[in-house]
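One letter stands for each residue in the lines below.
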Amino acid sequence: MLVDSHCHLTDPRFEADRRGVLFRALAAGVERILVVASNGADALSVTGLLDEVEGMAEVPRLWGTAGVHPHEAGGAKEEDLSVIRELARDHPRVVAVGETGLDFHYEHSPRAVQESLFRRHMALAEELGLPVVVHSRDADEATARILLEGGTRVRGVLHCFTGGEALMDTALDLGWMVSFTGIITFKSYGSRDLVRSVPGDRLMVETDAPYLAPAPHRGRRNEPAFVSRVAEELAVIRGEDLNEVMGYTTGNAVCFFDLTS
Ligand code: NI
């Protein structure tokens, strides 16, 4: 059994064949999926999808998140944050706040706006006792600073981890999780030592679909069925047995996000 701990199934690129994508995921052993929201309207789409497939046979069990991606921070309004708060508090299958965080690589939104929204997501996660899903790209120092402000009152995951050792150490010291995508399967991937250094009880796997398809699918649309490639690569890099990697990454995701109901 595998968990795709982060994907964007509400993305328009899944519009034509979303049900087929879900069938293929389950056929590939992906029994549970966390569907991650990118903004207020998307959080409503995510919960719409969760409600639509609930109890349906032949598809994985889905849970979701509510939050504003740093790319979209500049366009977020107070109404969006109200929607996110309500869904995170009241929807039974919304199990985390996010994704939020900082992206100073693309910088689609002003840095100060990203930071302020990230802090609000952290505060909401703390208030509701939910984990927070964090995206950080080329923003190690600022991300570490905001994690430290939350202290051990907030627990979260650094998803699609591409940062350096200092940020990873800060996160691990605070009890956070680290999650990897298909990026670790790319020939150009240069941080295999960091992948080896994460304790097994802090690791999760994800696709971030439709983005970041792992080799040999690189460049095409990604989908949750391909999370097995990420687990395979983790096993190779860490010199571990694949079944063992599948076992502990699945256990970590189920436990961390409480993917049980
Ligand atoms: Ni994402």
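Calculation criteria
Residues numbered from 1 in each chain as written. Predicted model: local features only at pLDDT ≥ 70, side-chain atom pairs only at ≥ 80, totals over all residues. Heavy atoms only, no water. Donors = N, O, S within 2.8 Å, 3.2 Å for Na, K, Ca; no water. Tetrahedral: all angles 85-135°; square planar, octahedral: opposite > 155°, others 65-115°. Helix = DSSP H or I, 4+ residues; strand = E, 2+ residues; numbered from the N terminus. Buried < 20%, exposed > 50% of the residue type's maximum accessible area, 1.4 Å probe, protein only. Phe/Tyr/Trp six-rings, centres within 6.5 Å; stacked < 30°, edge-to-face > 60°. Lys NZ or Arg CZ within 6 Å of the ring centre and 35° of its normal. Contact = heavy atoms within 4.5 Å. Expected span 1.5 Å × (residues − 1). Arc of directions from axis to C-beta.

Undergrad: Looking at this structure, how should I read the coordination of the nickel ion?
TA: A metal bound by six donors in octahedral fashion has ideal angles of 90 or 180 degrees, whereas one bound by four tetrahedral donors has an ideal angle of 109.5 degrees. Distances from the nickel ion to its protein donors, namely His6 (NE2), His8 (NE2), Glu99 (OE) and Asp208 (OD), fall within the range 2.1 to 2.4 Å. Coordination at the nickel ion comes from four donor atoms whose angles at the metal span 85 to 177°, giving a geometry best classed as irregular. Each donor residue of the nickel ion lies on the same chain, and together they follow the pattern H-x1-H-x90-E-x108-D. Residue His8 is located in the loop between β1 (2–7) and α1 (18–27), and its partner Glu99 is located in strand β4 (residues 94–103); the two are separated by 91 residues in the primary sequence. The same class applies to His8 and to Glu99, which are both buried.

Undergrad: Could you clarify how one ought to interpret the packing of aromatic side chains in this entry?
TA: The way to describe two aromatic rings as a pair is by their centre distance and the angle between their planes. By the definition in use, this model includes two aromatic pairs. Ring centres of Phe161 and Phe180 lie 6.3 Å apart, and the angle between their planes is 85°; this geometry places the pair in the edge-to-face category. One end of the pair, Phe161, is in the loop between β6 (156–159) and α6 (165–173); the other, Phe180, is in strand β7 (residues 177–180), with 19 residues separating them in the sequence. Side by side, Phe161 and Phe180 carry an identical accessibility label, which is buried. Aromatic side chains Phe256 and Phe257 sit 4.9 Å apart centroid to centroid with 70° between the ring planes, which places their arrangement in the edge-to-face category. When sorted by exposure, Phe256 lands in the same class as Phe257, which is buried. Sitting over the face of the ring of Trp63, Arg93 holds its NZ or CZ atom 4.7 Å from the ring centroid. In this arrangement the basic side chain of Arg218 is found over the ring face of Phe186, its NZ or CZ atom lying 3.6 Å from the centre.

Undergrad: Any chance you could explain the environment of Val198 here in plain terms?
TA: Take Val198: it is sitting in the loop between α7 (192–197) and β8 (203–205). By relative accessible area, Val198 is classed as buried at 2%. Residues Val198 and Ser179, 19 residues apart in the sequence, show an inter-C-alpha distance of 9.8 Å. The residues touching Val198, leaving out its near neighbours within four places in the chain, are Met168, Leu172, Val178, Phe180, Leu203 and Arg238.

Undergrad: How should I be thinking about helix α3 (residues 78–90) in this particular structure?
TA: Every α-helical turn comprises 3.6 residues, leaving residues that sit three or four positions apart pointing alike. With 13 residues, α3 should reach 18 Å at 1.5 Å per residue; the first-to-last C-alpha distance of 18 Å fits that figure. Of all the residues in α3, the buried ones are Asp80, Leu81, Ile84, Leu87 and Ala88. One side of α3 carries all its buried residues, which in axial view fall inside an arc of 130°. Looking at the packing, one finds that the buried side of α3 touches α2 (40–53), β3 (61–66), β4 and α4 (111–128).

Undergrad: Please clarify how unusual backbone geometry should be interpreted in this entry.
TA: The phi angle of most residues is negative, glycine excepted, and most peptide bonds adopt the trans form. The linkage connecting Ala209 with the following residue, Pro210, adopts the cis geometry, with an omega of 10°. Inspection of the secondary structure assignment puts Pro210 in the loop between β8 and α8 (227–238). Cis geometry is found at the peptide bond from Ala215 to Pro216, where omega equals 5°. Positive phi is not limited to glycine here, since Asp138 has a value of about 50°.

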